[in-house]
Amino acid sequence: MNVSCVILACTLLLVASSGSKAGQSLKAPCRPGFSQNFYTVIVSKDVLHGKSILKDTTLSSERVKFEDCQRSREVGFVSSDPNFSVRPDGSVYAEQQLANLSEPVQFMVTARGFHDAHIWETTVKLAPAGHPHLMALTKVDIEEMLSRAWDSQPRVIKFPRKHQRGSSSNVLRRQKRDWVIPPINVPENSRGPFPYMLVRIRSDQDTAAGIRYSITGAGADQPPSGIYNIDPISGNMFVTQPLDREERASFHLRAHAVDQNGNKVENPIDLYIYVIDMNDNRPEFQNQVYNGSVAEGSKPGSSVIQVTATDADDSTTANGMVRYRILSQSPISPIPNMFAINSETGDIVAVAAGLDREKVSRYTIIVQATDMEGNLSFGLSNTATALISITDINDNPPELTVRTFSGEVLENTVNVVVTNLTVVDKDQPHSPNWNAVYRIVSGDPSGHFTIRTNPITNEGMLTVVKAVDFEMNRAFMLTVVVSNQAHLASGIQSSLQSTAGVTISVQDVNEPPVFPVNPKMIRFEEGVPTGTTLTVFAAQDPDHFIHQIVRYSKLSDPANWLKINRTNGQITTMAVLDRESMYVRNNVYEATFLAFDNGSPQASGTGTLQIYLIDVNDNAPVLIPRESQVCERARPNSRVNITASDADADPNVGPFVFELPSFPASVRRNWTISRLSGDYAQLRLRIPYLEASVYEIPIIVSDSGNPPLSNRSVIRVKVCPCDDNGDCSATGAVAAAGLGTGAIIAILICIIILLSMVLLFVVWMKRREKERQAKPLLIDPEDDVRDNILKYDEEGGGEEDQDYDLSQLQQPESLDHIISKPAGVRRVDERPVIAESQYPVRPSLPHPGDIGDFINDGLRAADNDPTAPPYDSLLVFDYEGSGSTAGSVSSLNSTSSGDQDYDYLNDWGPRFKKLADLYGGGDED
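Below, the structure is looked at part by part.

The rules behind the values
- Residues numbered from 1 in each chain as written.
- Predicted model: local features only at pLDDT ≥ 70, side-chain atom pairs only at ≥ 80, totals over all residues.
- Heavy atoms only, no water.
- Helix = DSSP H or I, 4+ residues; strand = E, 2+ residues; numbered from the N terminus.
- Buried < 20%, exposed > 50% of the residue type's maximum accessible area, 1.4 Å probe, protein only.
- Contact = heavy atoms within 4.5 Å.
- Areas by Shrake-Rupley, 256 points an atom, 1.4 Å probe, with all protein chains shown as cover.
- Pairing = 2+ DSSP bridges.
- Phe/Tyr/Trp six-rings, centres within 6.5 Å; stacked < 30°, edge-to-face > 60°.
- Axes fitted to C-alpha atoms, helices over the stretch in contact; angles between N-to-C directions.
- Patch = residues over 30% accessible without salt bridge, like charges linked within 9 Å, V, L, I, M, F, W, Y side chains within 5 Å.
- Salt bridge = Lys/Arg side-chain N within 4 Å of Asp/Glu carboxyl O.
- Lys, Arg positive; Asp, Glu negative; His and termini not counted.
- Charge placed at Lys NZ, Arg CZ, Asp CG, Glu CD.

1. Thoughts on the overall build of the chain
Then step 1. Helix and strand content of the chain: 10 helices and 52 strands.
Then step 2. Every one of the 925 residues in the chain was classed for burial, and the buried ones make up 33%.
Then step 3. Considering only contacts within the chain whose residues lie at least 6 apart along the sequence, 66% involve residues at least 24 apart.
Then step 4. As displayed, the chain offers around 56,800 Å² of accessible surface, 53% of which is attributable to carbon and sulfur atoms.

See below:
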């Protein structure tokens with residue numbers, strides 16, 4: 001290396017040491033990982049005080065810091081030394097019990113995410129408190145680095161020397177203190193040439209015997225393998241390819257020295273290799289487009305949005321320190337620099353007043369992120385877009401388009417829109433800042449009108465909700481105020497145009513006549529005579545400014561008791577009013593009447609007349625019950641409780657008076673009535689015994705009316721024998737019903753007579769059926785054609801089954817054409833002239849075993865029989881023969897050109913009736 005490289009290295013060391021405090025004030029973007037690549041942990045004397053270190057003992061208050069950037073990332077730590085490890089909180093502890101720590105120990109800690117594949121590594125060095133090597137280590141590291149910068153030869157790493165005992169004096173000699181091997185730094189993206197020598201591993205014993213060197217660990221013999229190798233003879237260690245710190249930032253290898261026989265001659269030493277970061281990665285924004293918002297009218301300094309860019313390079317160096325700046329703003333209204341960005345955090349804030357959504361609703365900001373702490377000459381850059389929407393505030397009051405609105409409405413109408421109030425609002429449509437709310441502040445004390453907002457147009461729909469009367473108010477003068485659903489922003493005053501006047505004209509219409517009292521109640525006693533005047537039920541016409549005539553008619557009169565005078569509305573009776581009528585409810589009878597004027601169009605109104613009917617004693621009481629039963633022998637519980645029902649109302653009802661009439665005398669002799677209460681009495685036998693039967697007992701019932709009304713009622717009492725419980729027995733009930741022995745015998749005789757009549761009817765029907773079957777036909781037996789009807793129980797057949805000689809249908813001149821036919825070929829429409837085949841004869845008593853043979857023999861005989869007609873085959877008539885004695889049928893024709901007489905068919909009987917009707921000229925239906 002040249003001197004300039006040495007000076008640059010020294011300068012970087014001095015700047016790093018002197019500017020560490022200054023660098024702490026710079027806030028770089030958060031990147032997950034260890035805060036340092038190398039930790040020195042001092043083990044306190046309290047832990048070292050004793051003979052050993054117990055398991056799970058925390059070695060120091062210093063911690064290994066891991067930053068997860070508030071992502072709640074679950075990370076596990078793995079140590080390369082089985083004796084020491086790191087807890088999740090970063091504290092270093094002893095994995096197992098071990099001897100007291102006297103020398104520094106160095107190991108690698110790997111952090112792995114539980115739910116992702118990220119890996120972070122760092123080196124931890126444990127050193128006892130007060131150990132003199134701590135200060136020497138830093139000095140040696142610096143001297144070694146500087147000497148390596150001057151000397152082009154790679155560094156030589158020796159295995160630690162072993163303690164030796166003197167051979168003569170047997171005195172323990174103090175050896176030179178072992179060095180802790182400092183990390184090896186290798187820059188990433190090196191161009192080679194490869195393999196590139198890093199260090200040389202050497203043992204003090206390589207002069208005595210042949211030593212073989214090797215390295216193990218991730219990057220050597222473990223994945224990713226092949227990155228590092230070592231010359232086994234010389235111990236020169238090489239890197240074979242360019243390194244990428246973003247893929248792996250450090251390696252932990254172990255160097256081994258063995259003799260030619262494979263025996264270990266030195267204890268393995270740990271080699272820690274760190275990849276030095278180069279600025280080879282641009283900052284990357286988490287999103288290419290960021291969406292933010294800020295309210296219009298916001299004060300300078302209001303936060304808008306934060307953009308974030310990450311750099312894969314080392315965040316502890318300038319390579320990974322990102323800075324932000326705004327490249328452009330669109331539009332540039334009202335000024336080009338409405339927003340600013342924090343160069344370290346990426347927070348975008350509004351720095352100028354004048355944000356107005358109604359003028360500019362959205363800004364587009366181009367943001368640039370540059371590493372190397374924002375140095376545009378050496379750093380790498382990237383850009384993203386921030387879209388900033390200006391949200392609406394209610395800074396524009398609604399304004400009515402005109403100062404005065406007008407409309408008109410018909411009287412007596414509701415839910416009708418009178419007029420629409422139009423408004424203008426510059427705020428965002430269909431938002432609470434834009435939605436209008438209308439109020440009537442004066443001119444409508446009775447609440448006839450309301451204003452509803454049209455959700456689409458934001459117009460105010462002035463609507464009638466309570467009918468107006470032209471005779472009361474011919475016009476209305478309303479004052480209307482409009483506002484928004486949301487309150488106006490602070491400092492914004494209402495506009496004078498938010499208030500307007502509304503003039504409403506009421507139009508007169510023909511109103512129906514109105515009954516002043518509706519319904520009208522009057523009181524009358526029932527039973528008033530026909531033609532009695534009850535009342536005058538008159539209506540009034542509300543149209544005072546128009547003279548009109550009112551007429552009346554009856555609309556509803558369920559009992560048809562009333563009539564109304566057409567001119568003056570006088571109500572008179574047409575029948576007697578009856579309070580007990582089915583049309584009266586709760587003593588009130590209702591009728592409705594119609595009043596109509598002669599206006600155009602005609603208008604009508606209805607009125608209800610309610611007549612309260614006062615009861616008079618016009619209904620006699622009725623005895624209850626009408627039937628009962630008692631025992632034939634007088635018993636204490638053998639009695640009948642009776643009462644009465646009266647259709648009248650109080651005081652024309654109970655208490656009732658019950659008494660037995662003096663005629664017939666047997667009634668008072670056999671029965672007696674005793675009073676129980678005002679409405680109840682008790683009927684019982686006066687004599688000890690009364691013959692079982694049904695008795696009709698008259699009872700006189702009187703009510704308490706003035707004058708009282710009486711009624712002679714009859715109760716049927718069944719007197720019957722009773723059992724021990726006082727209930728009528730079955731025989732007693734029959735006897736009481738009046739069915740004696742004679743009546744029962746008469747019923748049985750009637751049943752027998754009825755059954756005899758049914759039996760005689762059945763016998764008569766059977767006899768008649770036999771006579772009908774034995775009656776001769778109406779036609780002569782010679783004309784009966786029923787015996788010519790042939791019944792076939794099998795398919796096929798035809799004329800062959802009747803043994804007709806088919807040869808009569810043909811008369812060939814010779815038989816040569818038949819005899820000369822070859823064997824096996826014959827006509828199927830003529831009988832063969834050869835002898836018929838002989839079929840096997842079934843024995844009279846065949847053995848069951850011979851039945852199958854018999855069937856098979858018969859089948860073969862039928863197949864070989866040429867005389868058997870093939871009924872199951874298609875008959876082909878290709879030869880008609882010659883010389884037939886029959887004449888040609890083609891010459892047959894009708895002998896008469898006129899109509900032929902078929903009247904004789906009528907004499908052939910009912911079987912030919914249909915044919916006679918068709919051809920015989922019978923009587924038409």
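Having seen the model, we can carry on.
2. Section: the pairing of strand 19 (residues 264-276)
Then step 1. Strand direction decides the pairing type here: strand 13 (residues 184-187) and strand 19, joined by 4 bridges, are parallel. Within strand 19, the position partnered with Pro187 by the bridge is Ile276.
Then step 2. Pairing of strand 18 (residues 250-258) with strand 19 involves 8 bridges; the strand directions are antiparallel. Across the sheet, Phe251 pairs through a bridge with Ile273, a residue of strand 19.
Then step 3. As consecutive antiparallel partners, strand 18 and strand 19 are separated by 5 residues, and within that stretch Gly262 has a phi angle of approximately 85°, a positive value.

3. Some details on the packing of aromatic side chains
Then step 1. Inspection of the entire model under this criterion finds 16 aromatic pairs.
Then step 2. Between Phe66 and Phe77, the aromatic rings sit 6.1 Å apart at their centres with planes inclined by 80°, giving edge-to-face as the arrangement. Pair noted here: Phe66 is in strand 5 (residues 66-67) and Phe77 is in strand 6 (residues 75-79), with a separation of 11 residues, a long-range link.
Then step 3. Residue Phe77 is classed as buried on the basis of its relative accessible area of 15%.
Then step 4. Arranged with centres 5.1 Å apart and planes meeting at 75°, the rings of Phe449 and Phe476 form a pair that is edge-to-face. Here Phe476 lies in strand 36 (residues 475-484) and Phe449 lies in strand 34 (residues 449-453), a separation of 27 residues in the sequence.

4. Here we look at unusual backbone geometry
Leaving glycine aside, a negative phi is the common case for residues, and trans is the common case for peptide bonds.
Then step 1. Residues Asp650 and Pro651 are joined by a peptide bond in cis, for which omega reads 15°.
Then step 2. With respect to the helices, strands and loops of the structure, Pro651 is situated in the loop between strand 47 (639-645) and strand 48 (657-659).
Then step 3. The peptide bond linking Phe663 to Pro664 adopts the cis configuration, its omega dihedral lying at -5°.
Then step 4. You can see Pro664 is positioned in the loop between strand 48 and helix 5 (665-670).
Then step 5. Here the phi dihedral of Met372 falls at roughly 55°; this positive angle occurs in a residue that is not glycine.
Then step 6. On the secondary structure map, Met372 appears in the loop between strand 27 (362-370) and strand 28 (381-391).
Then step 7. One non-glycine residue, Asn412, lies in the positive phi region at around 70°.
Then step 8. Examined against the element boundaries, Asn412 turns out to sit in the loop between strand 30 (404-410) and strand 31 (416-421).
Then step 9. For Asn412, a relative accessible area of 39% corresponds to the partly exposed category.

5. Side note on the sheet that holds strand 18
Then step 1. Overall, mixed pairing links the 4 strands, which are arranged 13-19-18-15 in an open sheet. A single partner strand is all that each edge strand has here, and the edge strands are strand 13 and strand 15 (212-217). Going across the sheet, the axis of each strand differs from the next one's by a mean of 30°, ignoring polarity.

6. With respect to a positive patch on the surface
Then step 1. A surface patch of like charges, here positive, comprises Arg639, Arg668, Arg684 and Arg686.
Then step 2. Along the chain, Arg684 falls in strand 50 (residues 680-685).

7. Concerning the sheet that holds strand 39 (residues 533-536)
Then step 1. Pairing is antiparallel in the open sheet, where 3 strands are placed in the order 39-42-41. Strand pairing shows two members of the sheet lacking a second neighbour, strand 39 and strand 41 (562-564), which therefore form its edges. Going from strand to strand, the sheet's axes swing by 20° on average, the running direction of each strand aside.
Then step 2. As judged from the 3 bridges shared by strand 39 and strand 42 (residues 570-573), these two strands associate in the antiparallel manner. Counted as the bridge partner of Val536 is Gln570 from strand 42.

8. Focus on the pairing of strand 26 (residues 347-350)
Then step 1. Along strand 26, the buried face is formed by Ile348 and Ala350; none of Asp347 and Val349, which line the opposite face, is buried.
Then step 2. For strand 22 (residues 303-306) and strand 26, the ladder comprises 3 bridges, and the chain directions are antiparallel. Opposite Ile305, over in strand 26, you have Ile348 as the bridge partner.
Then step 3. Across 3 bridges, the pairing between strand 25 (residues 339-341) and strand 26 is antiparallel. Note on strand 26: the bridge partner recorded for Phe339 is Ala350.

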